[in-house]
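The primary structure of each chain is shown beneath.
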Amino acid sequence: MIFSTELIKGTLKTIVLKLLNDNDKMYGYEITQRVKELTGDRIQITEGALYPTLHALEKDGLVTTQIEYMGKRQRKYYTISKSGKTKTKEKLVELVEFMETMTFLLDLKTKTI
Amino acid sequence: MYCISDEQVEYIFNDIRRHGVEMEDLQYNLLDHICCIIEHNLEDGDDFESFYQQTIRQFYKNELKEIEEETINLLTFKNYYAMKKLMIISGASAAIILLIGSLFKLAHWPGAGVLFVTGMVLFSLIFLPLLFVLKTKEAGSARDKVVLTTGTLVGILYCLSALFLVMHWPGARIMQFSTLILSFFVLLPLYFFNGIRKPEARLNTIITTIILVGVLGVQFLMTPVHKSSEPQQATVKEVKK
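Note that the structure is predicted; figures quoted are calculated from it, not measured.

What counts, and where the lines are drawn
- Residues numbered from 1 in each chain as written.
- Chains lettered and ligands numbered in written order.
- Predicted model: local features only at pLDDT ≥ 70, side-chain atom pairs only at ≥ 80, totals over all residues.
- Heavy atoms only, no water.
- Helix = DSSP H or I, 4+ residues; strand = E, 2+ residues; numbered from the N terminus.
- Buried < 20%, exposed > 50% of the residue type's maximum accessible area, 1.4 Å probe, protein only.
- Contact = heavy atoms within 4.5 Å.
- Areas by Shrake-Rupley, 256 points an atom, 1.4 Å probe, with all protein chains shown as cover.
- Pairing = 2+ DSSP bridges.
- Axes fitted to C-alpha atoms, helices over the stretch in contact; angles between N-to-C directions.
- Phe/Tyr/Trp six-rings, centres within 6.5 Å; stacked < 30°, edge-to-face > 60°.
- Lys NZ or Arg CZ within 6 Å of the ring centre and 35° of its normal.

Engineer: Just to check I follow, could you spell out the overall build of chain B for this structure?
Structural biologist: Check the secondary structure of chain B and you find 8 helices and 0 strands. Counted from the first residue to the last, chain B has its helices and strands arranged as α-α-α-α-α-α-α-α. Buried residues in chain B amount to 38% of all 241 residues. The contacts of chain B with a sequence gap of at least 6 include a subset with a gap of at least 24, amounting to 62%. Put simply, chain B shows about 14,400 Å² of open surface, and 64% of that area lies on carbon and sulfur atoms.

Engineer: Any chance you could explain the sheet that holds strand E2 (residues 63-70) of chain A here in plain terms?
Structural biologist: Backbone hydrogen bonds hold the strands of a sheet together, and the pairing may be parallel or antiparallel. In space, the 3 strands of this open sheet follow the order E1-E3-E2 (chain A), with antiparallel pairing throughout. Two strands bound the open sheet, and with one partner strand each, they are strand E1 (26-27) and E2 of chain A. Strand direction decides the pairing type here: E2 of chain A and strand E3 (residues 73-80) of chain A, joined by 8 bridges, are antiparallel. Counted as the bridge partner of Tyr 69 of chain A is Gln 74 of chain A from E3 of chain A. Contacts between helix H2 (residues 24-41) of chain B and the sheet are confined to E1, E2 and E3 of chain A, with E3 of chain A contributing the most and set at about 100° to the helix.

Engineer: Any chance you could explain the packing of aromatic side chains here in plain terms?
Structural biologist: By the definition in use, this model includes 11 aromatic pairs over all chains. Ring geometry for Tyr 27 of chain A against Tyr 77 of chain A: centres 5.5 Å apart, planes inclined by 85°, an arrangement best described as edge-to-face. Remark: Tyr 77 of chain A occurs in strand E3 and Tyr 27 of chain A occurs in strand E1; sequence separation between them is 50 residues. Their ring planes at 90° and their centres at 5.2 Å tell us that Phe 164 of chain B and Trp 169 of chain B sit as a pair that is edge-to-face. Through successive ring pairs, a cluster of aromatic residues spans Tyr 11, Phe 48 and Tyr 52 of chain B. Taking NZ or CZ as reference, Lys 25 of chain A lies 4.4 Å from the ring centre of Tyr 77 of chain A, over its face. Looking at Arg 75 of chain A, its charged tip hangs above the ring of Tyr 27 of chain A, at a distance of 4.0 Å from the centre.

Listed below in structure tokens is the structure:
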């Protein structure tokens, strides 16, 4: 099963931050491929969602960037910043709590039905 | 791994721009991304152009530009709360200043003029434009945006004409008259025909339109169309949007 874009959208920031937190530096395509590999194709990040998020993270100072010139192409590498690392921890705690609440909420619902 | 040529890179780059993506940063991001996909998935001898067209099509729902719109949305979202705060502060202080100004004017105390000018400028040039920007973000269709734009223009013009009238500045009458014309012949039809299409807003639209016609009629009655030597009656009202 491939998860819907709606489900992924709310957690995309956390996913990207965590990946950058665990890796030295990454570029857009690499991020999408890594997520695909790690989840066995179940989570596929769309370009339409990834780049706006990366730009927002950059603007917020959560990631720093470095440009590599390759002929007519430019590759932008993203590295997590110090504030990004703190944010990652916050986001992860939030997401874990959210998942626990959801499990509880949905379990409860199935019991009552 | 497919080896992508400089001409092909340029072709992709131009195509991204042709699709309306204007942010340079995003152009290069997308360019590199597409190049990577092509390099990893295209076999030698495969048709580059058709593969590229298939790939780019997966990037968006309606048009490629939406990636840029989403980026801008995310980038400006941070200012959203600050703008909202400023809107509320400017609106509230404008209302208070105008109220105090009216009191000063009634009592013939000095400083009424300054208070009026400050209040009106704050209201029409800060509060209303901010309200417009924030409302257009929520507006769904292009038609809603047109109605909002005209509404804001009329609102600003109305406030300024009231200010000009009270301050006895030149051009007040023309301004007042053009506000009425614009409201009646442009804003009202736009508002009516836009609202009547939506089943959930139909009744409200009809009622508001009737009220607006009435208010505009009264306003028109109070507008001196012919030149007279009598001093103009000044009325200050805020447009309730």
